[in-house]
Amino acid sequence: MGMPTTKSIKQKFFGWSKSQTQSQSQTQNGRKISQQVEKILKEHNENYNKIIKILLLGSGETGKTTIIKQMKILHVQGFNDDERLACREIIKDNLFECISTLVTQMATLQISLGNKSNLSSWTFIRNMTIAKNKDFTPEYFGHVKRLWEDAGVQKCFNRAAEYLLPDCAKFFLDRVLEIASPSFFPSDQFLLHSRRTTIGIQKIEFEVPIPKKFGGGGPQKFWMFDVGGQKGERRKWIQVFDGIQTVLFMVACNTFDQVLVADEERPINRLQESLNLFQDVWISRFLRYAGFIVFLNKQDLLKDKINAGNNIGQYFPQYYTYSVDPEDGDNNDTYIRTRCFIRDLFHLATDVTPPPTPRKTTTPTVGFQEDHKYKKPPRDHRELFFHFTTATDTNNIKLVFVDVHSMILNQNLREIGFA
Ligand SMILES: Nc1nc2c(ncn2[C@@H]2O[C@H](COP(=O)(O)OP(=O)(O)OP(=O)(O)O)[C@@H](O)[C@H]2O)c(=O)[nH]1
Ligand SMILES: [Mg+2]
């Protein structure tokens, strides 16, 4: 439904009051009604004027900061020259990390070079890695290019689920000549693919016009908070829980075949770790009034993985008996089936009845947990939405954000009884 106007609010009240107006207490009732209308209107206006606070949560490398970058591109002024120049160095570091990892993993996985004459390039990068030498000379870039074209390096790249390779690897290695150029000036796409672990808490403020169907016109203020998703960062999350209306939980869907080795913890499947974390956050009493939107992110990489023949059933055997609801698409399309299966795993994770004692989980629990005093969140106050996203795709995030905005405004309306 659209935004209620003053007229519709009054209609709602006067509809209820018609028979009353005949009675003796007409004036008294009239005053009461008028006060109630004023109250509703005030609440309604406050809801529209208040700042919408969104908190991005999720494991490390799921794409939280990438969403913040998209908000900057879409709703602030984008990136200035200084930011682009600073990012150039991050991209070069990312590229180095990717090629170093590949070279190191070739040794570990005993994968030989496709072309023996590339051995000098392999040795060059290996020596730089050992010496932590980051002198990115033209000669270095030449070696990177040669290696990336080598069949053995490609084979190692295709086995990336067996170790940890940054998701930006292919994007940057495919563009090594551009990065090597002295005039390299990163475009938005380069910035969106660059990677730096978030430490601490960051906030971005922006304004978006209220959509027409909600009355249109004025600007809506947003604050979006970005936190670090790595294990050591999670204990800081609680600092930003207060007043959060919407949690945007990010999931990297392509991690279903990857393993996370977190410090002293036992290795755990990365998608399972994401599910466990989601459940912890969902039952957190500090967020029990917050609506949740789950971004099932990295759909581009998920699709690549499915096309390469990887099967989620090997890691989540429930997949073998799962079938897609016809309205979600074709059950014979493995990509559609996989993405719906992942969505439903997260949906099922909200059906939790926490045990009375602290839970023993196989994953690190987030630092804020104290849920043995768990109270079930009021169901009718709880929103849960899912979106399939590719955070590096500005058009995709633009469309998804319109939905997110509408969802939040609808939630506001529901809170005051108008949706
Ligand atoms: N191909 C692709 N890459 C993505 C997508 N979303 C994020 N990435 C990349 O994944 C990497 C990690 O993204 P970040 O946004 O830094 O992840 P994060 O959740 O903020 O990570 P932490 O700060 O460690 O918690 C970056 O290289 C991004 O460019 C996506 O949908 N597709
Ligand atoms: Mg981050």
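Residues numbered from 1 in each chain as written. Chains lettered and ligands numbered in written order. Predicted model: local features only at pLDDT ≥ 70, side-chain atom pairs only at ≥ 80, totals over all residues. Heavy atoms only, no water.

J.: Help me out: how do you make sense of the site of ligand 1 in this one?
T.: For ligand 1, the set of nearby residues contains 25 residues, the closest of which are Lys64, Thr66, Leu192, Gly229 and Asp300. Within the backbone of Glu61, an N or O atom sits 2.9 Å from an oxygen atom of ligand 1. At 3.1 Å from an oxygen atom of ligand 1 is found a side-chain nitrogen or oxygen belonging to Lys298. Calculation on ligand 1 without its partners gives an accessible area of 650 Å², and the protein chains cover 99% of this total. Mapped by element, the contributors of at least two residues to the shell around ligand 1 are helix H3 (64-75), helix H10 (188-193) and helix H12 (299-307). Considered class by class, the residues forming the shell around ligand 1 number four nonpolar, 16 polar and five charged. (Near = heavy atom within 4 Å. Polar contact = N/O pair within 3.5 Å; in protein donor to acceptor, adjacent residues only side chain to side chain. Areas by Shrake-Rupley, 256 points an atom, 1.4 Å probe, with all protein chains shown as cover. Helix = DSSP H or I, 4+ residues; strand = E, 2+ residues; numbered from the N terminus. Nonpolar A, V, L, I, M, F, W, Y, C, P; charged D, E, K, R; others polar.)

J.: How should I be thinking about the nonpolar core in this particular structure?
T.: What tends to happen in soluble globular proteins is that the nonpolar side chains get buried as a cluster. Leu57, Phe249, Leu287 and Phe346 are the most contacted members of the largest nonpolar core, which totals 42 residues. At the level of elements, strand E1 (52-58), strand E3 (219-227), strand E4 (246-252), helix H11 (270-282), strand E7 (291-297), H12 and helix H13 (334-348) are the ones that each hand at least two residues to this core. Counting residues in hydrophobic clusters, the runner-up holds 40 residues, among them Trp122, Trp148, Phe157 and Ala169. (Core = buried A, V, L, I, M, F, W, Y, C linked by side-chain atoms within 4.5 Å. Buried < 20%, exposed > 50% of the residue type's maximum accessible area, 1.4 Å probe, protein only.)

J.: What is the right way to read the environment of Cys98 from this model?
T.: As for its placement among the helices and strands, Cys98 is situated in helix H4 (residues 81-108). For Cys98, a relative accessible area of 1% translates into the label buried. Ignoring anything within four residues of it in the chain, the contact list for Cys98 reads Leu165, Pro166, Cys168, Ala169 and Leu173. (Contact = heavy atoms within 4.5 Å.)

J.: When you look at the packing of H4 against helix H6 (residues 138-148) in this model, what are you seeing that I'm missing?
T.: Angle between the axes and distance between the axes: these two values describe a pair of packed helices. Packing of H4 against H6 leaves a shortest axis separation of 11 Å and a crossing angle of 50°. Judged by the inter-axis angle, H4 sits oblique to H6. Pair H4 / H6 crosses with left-handed handedness. Across from Lys92, Leu95, Phe96, Ile99, Leu102 and Val103 in H4, the residues of H6 making contact are Tyr140, Phe141, Val144, Leu147 and Trp148. (Axes fitted to C-alpha atoms, helices over the stretch in contact; angles between N-to-C directions. Parallel < 35°, antiparallel > 145°, perpendicular 65-115°, else oblique. Left-handed = near helix turned anticlockwise from the far one by under 90°.)

J.: What am I meant to see in the UniProt feature "binding site: Mg(2+)" (unreviewed entry) in the protein here?
T.: Taking the UniProt record as the reference, the feature "binding site: Mg(2+)" (unreviewed entry) is found at Thr65 and Thr198. These annotated residues cover 134 residues of sequence, and their C-alpha atoms all fall within 7.5 Å of one another, placing them together at a single site. One can find Thr65 in helix H3. Setting aside anything within four residues of it in sequence, one finds Thr65 in contact with Thr198 and Asp226. Looking at the element boundaries, Thr198 is found in the loop between H10 and strand E2 (201-209). Under the relative-accessibility criterion, Thr198 is labelled buried at 9%. Apart from residues lying up to four places away in sequence, Thr198 is in contact with Thr65, Asp226, Val227, Gly228 and Glu233. Here the side chain of Thr198 touches Thr65 through a polar contact of 2.7 Å, side chain to side chain. (UniProt positions renumbered as here; feature names shortened; annotations may be inferred.)

J.: So what exactly am I meant to see when it comes to the sheet that holds E2 here?
T.: Sheet strands pair via backbone hydrogen bonds, and the direction of the pair is either parallel or antiparallel. Here we have six strands laid out as an open sheet, ordered E2-E3-E1-E4-E7-E8, and mixed in their pairing. With one partner strand each, in any of the chains shown, E2 and strand E8 (384-388) form the two edges of the open sheet. Each strand axis lies, on average, 20° off the axis of its neighbour in the sheet, ignoring direction. The sheet contacts of H13 involve E4, E7 and E8, and relative to E8 the element is tilted by about 160°. (Pairing = 2+ DSSP bridges.)

J.: I'm lost on the coordination of the magnesium ion (ligand 2) in this one. Help?
T.: Octahedral six-donor coordination of a metal ideally yields angles of 90 or 180 degrees, compared with 109.5 degrees for tetrahedral four-donor coordination. Binding of the magnesium ion (ligand 2) to the protein goes through Thr65 (OG1) and Thr198 (OG1), at separations of 2.0 Å. With Thr65 in helix H3 and Thr198 in the loop between H10 and E2, this residue pair connects regions lying 133 residues apart in the sequence. Assessed through its relative accessible area of 24%, Thr65 is described here as partly exposed. (Donors = N, O, S within 2.8 Å, 3.2 Å for Na, K, Ca; no water.)

J.: Help me out: how do you make sense of the confidence of the model for the protein in this one?
T.: Detailed reading of the predicted model is not advised wherever pLDDT is low. Per-residue confidence for the protein gives a mean pLDDT of 85; residues scoring 70 or more make up 80%. Confidence over residues 1-22 falls short of pLDDT 50; this stretch has 34 contacts with residues more than four positions distant or in other chains. (pLDDT = per-residue confidence, 0-100.)

J.: When you look at the packing of aromatic side chains in this model, what are you seeing that I'm missing?
T.: Within a pair of aromatic rings, the relevant descriptors are the distance that separates the centres and the angle that separates the planes. If you walk through the whole model with that rule in mind, you get 24 aromatic pairs. Ring pairing ties together the aromatic residues Phe249, Phe278, Trp282, Phe292 and Phe346, which thus form one cluster. The cationic tip of Lys305 hangs over the ring face of Phe256; the distance from NZ or CZ to the ring centre is 5.9 Å. (Phe/Tyr/Trp six-rings, centres within 6.5 Å; stacked < 30°, edge-to-face > 60°. Lys NZ or Arg CZ within 6 Å of the ring centre and 35° of its normal.)

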